[in-house]
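Chain and residue survey
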Amino acid sequence: MKRDRKILGIIGAIITLVIPFFLMMHNQNNHLETDQSLCPFKMLTGFPCPGCGITKSLVYFYEGDLYKSLHYHVLGPFLALFCVVTIVVLIAELITKKEYFNRVLYNKKLAYVLACFLIFYQIVRITYFVENNTYDSILKESIWK
């Protein structure tokens, strides 16, 4: 059971890293800058959800444009690093049959700190988004245009 979860974790981390790489390889004419988001929350409301921009952030991180990567989502580069570390640690756990970093990964205080950071970050993003967009441009981002 634990072995299966670790294998699924490795697969999930690989998919998280590969999809933006595939999009980067097919980003002729920089169409990702103008394409409509596939986020259901953004399609319904016109506002970005807490995860909006992660994929574009990874694409621009792969291209070496750290500024643009952080512009789309501040956690994008950290997610890439987290996925790589996850793959390495889970493979090591499968090989050695030992568990590493469980104290850190299952730490309630760390979870609360991350949750508070995400809430604060989302409030800042929404505030910035509303200040820099008109009602019509927000509506254009949704399916209600």
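Everything below is about the structure shown above.
Basis of the calculations
Residues numbered from 1 in each chain as written. Predicted model: local features only at pLDDT ≥ 70, side-chain atom pairs only at ≥ 80, totals over all residues. Heavy atoms only, no water. Helix = DSSP H or I, 4+ residues; strand = E, 2+ residues; numbered from the N terminus. Buried < 20%, exposed > 50% of the residue type's maximum accessible area, 1.4 Å probe, protein only. Expected span 1.5 Å × (residues − 1). Polar contact = N/O pair within 3.5 Å; in protein donor to acceptor, adjacent residues only side chain to side chain. Phe/Tyr/Trp six-rings, centres within 6.5 Å; stacked < 30°, edge-to-face > 60°. Lys NZ or Arg CZ within 6 Å of the ring centre and 35° of its normal. Core = buried A, V, L, I, M, F, W, Y, C linked by side-chain atoms within 4.5 Å. Contact = heavy atoms within 4.5 Å. Patch = residues over 30% accessible without salt bridge, like charges linked within 9 Å, V, L, I, M, F, W, Y side chains within 5 Å. Areas by Shrake-Rupley, 256 points an atom, 1.4 Å probe, with all protein chains shown as cover. Salt bridge = Lys/Arg side-chain N within 4 Å of Asp/Glu carboxyl O.

**As for the overall build of the protein chain**
Scanning the protein chain from terminus to terminus reveals eight helices and zero strands. Starting at the N terminus, the α and β elements of the protein chain follow one another as α-α-α-α-α-α-α-α. Projected onto its principal axes, the C-alpha coordinates of the protein chain cover approximately 55 × 35 × 30 Å. Per-residue burial for the protein chain yields a buried fraction of 26% across its 145 residues.

**Side note on the environment of lysine 109**
Checked against the element boundaries, lysine 109 lands in helix 7 (residues 108–131). Separated by 13 residues in sequence, lysine 109 and threonine 96 place their C-alpha atoms 28 Å apart.

**Looking at helix 7**
With 24 residues, helix 7 should cover 34 Å at 1.5 Å per step; its first-to-last C-alpha distance of 35 Å lies within 8% of that length. When we look at burial in helix 7, the residues that qualify are Tyr121, Gln122, Arg125 and Phe129. In this structure asparagine 107 caps helix 7, since a side-chain oxygen of it lies 2.8 Å from the backbone nitrogen of lysine 109.

**Section: the packing of aromatic side chains**
Evaluated as defined, the whole model comprises five aromatic pairs. Judged by centre distance (5.9 Å) and plane angle (65 degrees), the rings of phenylalanine 47 and phenylalanine 129 are edge-to-face. Of this pair, phenylalanine 47 sits in the loop between helix 2 (40–45) and helix 3 (54–62) while phenylalanine 129 is found in helix 7, placing the two residues 82 residues apart along the sequence. Judged by relative accessible area, phenylalanine 47 falls into the partly exposed class, the value being 26%. In this structure phenylalanine 129 comes out as buried when scored by relative accessible area, which is 13%. When the centroid spacing of 6.5 Å and the interplanar angle of 50 degrees are considered together, the rings of phenylalanine 61 and tyrosine 62 count as tilted. Taken together, the ring pairs connect Phe21, Phe61 and Tyr62 into an aromatic cluster. Seen from the ring of tyrosine 60, lysine 68 lies directly overhead, with NZ or CZ sitting 4.8 Å from the centre.

**Focus on the nonpolar core**
Listed in full, the nine residues of the largest apolar core are Ile10, Ala13, Leu17, Ile54, Leu58, Ala80, Cys83, Ile87 and Leu90. Mapped by element, the contributors of at least two residues to this core are helix 1 (2–25), helix 3 and helix 5 (76–96). The dominant element in this core, judged by the number of residues it contributes, is helix 5, at four residues. Beyond its immediate chain neighbours, meaning those up to four positions away, leucine 90 contacts Lys6, Gly9 and Ile10. Met24, Leu32, Val59 and Tyr72 belong to the second largest nonpolar core, which has five residues in total.

**Some remarks on a nonpolar patch on the surface**
Taken together, the side chains of Phe82, Phe101, Val104, Leu105, Tyr106, Leu110 and Leu114 define a hydrophobic patch exposed on the protein surface, amounting to about 760 Å² of accessible area. Locating tyrosine 106 in the fold gives a position in the loop between helix 6 (102–105) and helix 7. A relative accessible area of 65% means that tyrosine 106 is categorised as exposed.

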